[in-house]
Amino acid sequence: MASSSSYSNPPCAACKFLRRKCLPGCIFAPYFPPEEPQKFANVHKIFGASNVSKLLNEIQPHQREDAVNSLAYEAEARMKDPVYGCVGAISVLQRQVIRLQKELDATNADLMRYANREVSNQMVNNQQRNMNYGRRSSMGAVGGPGIIDQTNYGFCVVPSYNNDNNSPNTWNNPEADDDSM
Ligand SMILES: [Zn+2]
């Protein structure tokens, strides 16, 4: 607006709170806009305006915004939880990580058990198929357990004794029967 030159900017939230004139170059102005009065009120209550001012002057200008944001976060947490502050939130998240890690470990163990069971079933099926091989003609096209297509199970391979093309080294290694390797 053209009229802005004759109208002084409103003081930053810090200067307004401290009832002082917000001079050009005010250390607080870039980080405590007048629209967010509570941000400064919290930071001032927990850390004190002079400590914040000192801290901002001690660090590089490009670090000041991050510093103010972390101070504001910590101050707000401390207002909500005077005993633990941020540590309360960190502690909750750490417990959550531990719980989820246990859940993940249990699920991985289940997965291993199911995979092993599948391999055992395959071995039993193959033994049955070998036993039935001599009288297959009498079985017709009925899909008994001995003639399941093993290739549908990507995570387990046909045991080597069942297939002359597979060496024992192909066990648990579905890629190994790729001739291009
Ligand atoms: Zn100011």
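Here the residue numbering is sequential within each chain, running from 1 through the sequence in written order. Confidence filtering applies because this is a predicted model: local features only for residues at pLDDT of at least 70, side-chain atom pairs given and counted only at 80 or more, and all residues used for totals across whole chains, interfaces and linings.

Colleague: Explain the UniProt feature "coiled-coil region" (unreviewed entry) in the chain residue by residue, including any values.
Modeller: Mapped onto the present numbering, the UniProt feature "coiled-coil region" (unreviewed entry) falls on residues 90-117. Annotation note: span residues 90-117, helix share 100%, strand share 0%, distance between end C-alpha atoms 40 Å. UniProt positions are given in the numbering used here, feature names are shortened, and annotations may be inferred rather than shown by experiment. A run of H or I in DSSP becomes a helix once it reaches four residues, and a run of E becomes a strand once it reaches two; helices and strands are each numbered from the N terminus.

Colleague: I'd like a rundown of helix α4 (residues 61-80), residues and numbers included.
Modeller: An ideal rise of 1.5 Å per residue puts 28 Å on 20 residues; α4 measures up with 29 Å between its terminal C-alpha atoms. Of all the residues in α4, the buried ones are V68, L71, A72 and A75. The buried residues of α4 occupy an angular sector of 100 degrees when projected down its axis, which confines them to one face. Exposed residues pointing more than 90 degrees away from the buried face of α4 are listed as H62, Q63, D66, N69, S70 and K80. Along its buried surface, α4 packs onto α2 (37-47) and α3 (49-58). Each helix should span, by expectation, one fewer than its residue count multiplied by 1.5 Å. Buried means a residue has 20 or more other C-beta atoms within 10 Å of its own C-beta, exposed means 12 or fewer, and partly exposed covers the counts in between; C-beta atoms are placed from the backbone. Taken from the helix axis, the directions to the C-beta atoms give the arc we talk about. Residues are defined as contacting one another if the C-beta atoms placed from their backbone atoms lie within 7 Å.

Colleague: Outline the nonpolar core, listing residues and values.
Modeller: Grouped together as the largest cluster of nonpolar side chains are 15 residues, with contacts concentrated most on C12, A14, F28, F32, V43 and L71. For this core, the elements supplying multiple residues, two or more each, are α1 (13-18), α2 and α4. Here this core gets four residues from one element, more than from any other, and that element is α4. Setting aside its immediate chain neighbours within four residues, A14 contacts F28, F32, F40 and A49. For this entry, the nonpolar core is defined as buried Ala, Val, Leu, Ile, Met, Phe, Trp, Tyr and Cys residues connected by C-beta atoms within 7 Å.

Colleague: Describe the packing of α2 against α4, with residues and values.
Modeller: Where helices are involved, their axes are fitted lines through C-alpha atoms of the stretch in contact, as for all axes, and angles between N-to-C directions lie from 0 to 180°. Taken N-terminus to C-terminus, the directions of α2 and α4 make an angle of 75 degrees; their axes are 8 Å apart at the nearest point. Relative to α4, α2 is oriented roughly perpendicular. Where α2 approaches α4, its residues K39, N42, V43, K45, I46 and F47 are matched on the opposing element by L71, A72, A75, E76, R78 and M79. Here the residues of the contact of α2 with α4 sort into seven nonpolar, one polar and four charged. In this scheme, roughly parallel covers angles under 35 degrees and roughly antiparallel covers those over 145, while 65 to 115 is roughly perpendicular and the rest are oblique. Each residue receives one of three labels: charged for Asp, Glu, Lys and Arg, nonpolar for Ala, Val, Leu, Ile, Met, Phe, Trp, Tyr, Cys and Pro, and polar for the others, Gly being one of them.

Colleague: Lay out the confidence of the model for the chain with the relevant residues and their values.
Modeller: Think of pLDDT as the predictor's per-residue confidence, scored from 0 to 100. When pLDDT is averaged along the chain, the result is 79, and 69% of the positions lie at 70 or above. The secondary-structure element of the chain with the lowest mean pLDDT is helix α5 (residues 86-132), recorded at 92, while α3 shows the highest, at 98. Taken as a whole, residues 1-6 scores under 50 in pLDDT and shows zero contacts with residues more than four places along the chain or in a different chain. Note on residues 137-181: pLDDT is under 50 here. Beyond four places in sequence and across chains, it has 38 contacts.

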